[in-house]
Amino acid sequence: MKVLILGVNGFIGSHLVDRIMQDTDWEVYGLDLGAHKVAEHLANPRFHFVEGDITISKEWIEYHIKKCDVVLPLVAIATPKVYVTDPLRVFELDFEENLRVVRQCVKYKKRVVFPSTSEVYGMCPDEEFDEYESPLVTGPIPMNRWIYSTSKQLLDRVIWAYGFQQGLRFTLFRPFNWMGPKLDSLNTAKEGSSRLVTQFSWNLFNGEPLQLVDGGTARRCFIDVADAMDGIMAVLRNEGGKADGQIFNIGNPANDYSVREIAAMMIAIWKDHPFRLERGIAEGSTVETGSGEFYGKGYQDVARRTPSIKRMQATFGFEPKVSMIDSLKKTIDFFVEEHKAQEKVVETEN
Ligand code: UGA
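So, here is what we can say about the structure in this document.

The rules behind the values
- The residue numbering used here restarts from 1 in each chain and proceeds along that chain's sequence as written.
- Only residues with pLDDT of at least 70 are given local features in this predicted model, and only at 80 or more are side-chain atom pairs given and counted; all residues enter the totals for whole chains, interfaces and linings.
- The side-chain quantities take in all heavy atoms of the structure and omit both hydrogens and water.
- Note on conventions: DSSP H or I runs of at least 4 residues are helices, E runs of at least 2 residues are strands, and numbering of each starts at the N terminus.
- Contact definition: two residues touch when any of their heavy atoms are within 4.5 Å.
- In this text, buried Ala, Val, Leu, Ile, Met, Phe, Trp, Tyr and Cys residues form a nonpolar core when linked through side-chain atoms within 4.5 Å.
- Remark: exposure states derive from per-residue accessible area (1.4 Å probe, protein chains only) relative to the maximum for the residue type, with buried under 20%, exposed over 50%, and partly exposed in between.
- Each aromatic pair joins two rings of Phe, Tyr and Trp (for Trp, the six-membered one) with centres within 6.5 Å, and gets the label stacked for planes under 30 degrees apart, edge-to-face for over 60, and tilted for any other angle.
- Here, a charge over a ring is recorded when the distance from Lys NZ or Arg CZ to the ring centre is within 6 Å and its angle to the ring normal is within 35 degrees.
- We call a residue near a molecule or strand as soon as one heavy atom of that residue lies within 4 Å of the molecule or strand.
- Polar contacts, as used here, are pairs of N or O atoms within 3.5 Å; protein pairs need one atom able to donate a hydrogen and one able to accept it. Residues neighboring in sequence count only if both atoms are side-chain atoms.
- The Shrake-Rupley method, run with a 1.4 Å probe sphere, supplies the accessible areas, and residue values consider only the shown protein chains as cover.
- Residues are grouped as follows: Ala, Val, Leu, Ile, Met, Phe, Trp, Tyr, Cys and Pro are nonpolar; Asp, Glu, Lys and Arg are charged; every other residue, Gly included, is polar.

### Focus on the side chain of histidine 273
Logical step 1: Mapped onto the secondary structure, histidine 273 falls in the loop between helix H9 (259-271) and helix H10 (274-279).
Logical step 2: Other than its neighbours up to four places away in sequence, histidine 273 contacts Ile332, Asp333 and Val336.

Now the structure itself:
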């Protein structure tokens, strides 16, 4: 199988390449702005990387859509701070650029595996969010936060409609707070605009308090990227065509914690971490902050977000295994290494 991954150097893309190279004989054609997360595969003859920008490398993309069997358009902005501060960029990249790719999949009759998002459920009141039953609930227009959710939702609907009316082969998968090594980059956390676990890691490394937005009562279910990869690989293998025309939540309902609880877990790991002890960095503390202050006026939060994974379980026997604490440890260790590597670069430059 020939797999085209746009955004191959991202969190999901890079882990997918690891898995595909390790477990299959498939070929990967990948495009991204850089290759540092997939560097170890660059010499592999089954991995074909090109440096490029989805908004510019249009001919390369069209040619490779024609050439490949399955397309994963993973390029998107996925950080809430940017939804609030630069909603047009989110719309242009996450919606417009990806719509073009989807239309080419229709034109060349290629299978598309599209990353929808847990955010499409928004403030859904259901205990567990179900792909085929739950309502999708977003806030008023001045709340920019919802531009990501609604851009993704409209693309979900367009893809579904292309399947319904023109026979497009597709699967929509919905990541629920995937985490692990290679998540985001500490550079985004420097500006205070990263996702929770990256942001908290950066704060810990710098002896800063972890900021609990609106008291840290919001709840999320985090899934370790290794478990998430089991899910997406099953979707990609698509045995018996079971993934065709389907929507799947990929998450871990067992790892359901409030932001305050996650802060406490991260502080506990940090307290005994060799890197902290070696450097004599502060143990870690928390401070409460308002969402308006942290994100800006256009932010509205999702109070709780629990996936139903019944469909993944019934279709593929999917069972996530990694506990929150183990996943946090792995992720913090990864960031420590990244932090040390960045320090070395600064030292060399100086
Ligand atoms: C994320 C992003 O929208 C996407 O990455 C993705 O599609 C989706 O969820 C997902 O991964 O399922 P969210 O979970 O709200 O949205 O993003 P985080 O930045 O990880 O925030 C989680 C919670 O922590 C929010 O309640 C936020 O207000 C809070 N938070 C975040 C803090 O209290 N302090 C911080 O420093 C950062």
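Read on, since the account is not over.
### Points about the nonpolar core
Logical step 1: Grouped together as the largest cluster of nonpolar side chains are 62 residues, with contacts concentrated most on Ile5, Leu16, Ile20, Leu72, Trp178, Leu236 and Ile250.
Logical step 2: Those residues in contact with isoleucine 5, other than ones at most four positions away along the chain, are Gly13, Leu16, Val17, Ile20, Val28, Tyr29, Gly30, Leu31, Leu72 and Leu74.
Logical step 3: One finds Leu6, Tyr29, Val90 and Tyr108 within the second-largest nonpolar core, a separate group that totals 32 residues.

### Remarks on the packing of aromatic side chains
Logical step 1: Summed over the entire model, instances satisfying the criterion amount to 16 aromatic pairs.
Logical step 2: Geometrically, the ring pair formed by tryptophan 270 and phenylalanine 275 is tilted, given 6.2 Å between the ring centres and 55 degrees between the ring planes.
Logical step 3: Here phenylalanine 275 falls in the buried class, since its relative accessible area comes to 2%.
Logical step 4: One cation-aromatic arrangement involves arginine 145 over tryptophan 146; the distance from NZ or CZ to the ring centre is 5.3 Å.

### What about the site of the ligand?
Logical step 1: Around the ligand, the surrounding shell holds 26 residues, and the nearest of these are Tyr83, Ser118, Glu119, Arg195 and Asp301.
Logical step 2: A distance of 2.6 Å separates an oxygen atom of the ligand from a polar side-chain atom of glutamate 119.
Logical step 3: Against a free-state accessible area of 710 Å², the protein chains account for coverage of 97% of the ligand.
Logical step 4: Where the shell around the ligand is concerned, the elements lending two or more residues are helix H3 (80-85), helix H7 (196-205), strand S8 (210-213) and helix H11 (291-295).
Logical step 5: Considering only residue class, the shell around the ligand consists of 15 nonpolar, five polar and six charged.

It is worth stressing that arrangement in space is one thing and function is another; only the former is reported here.
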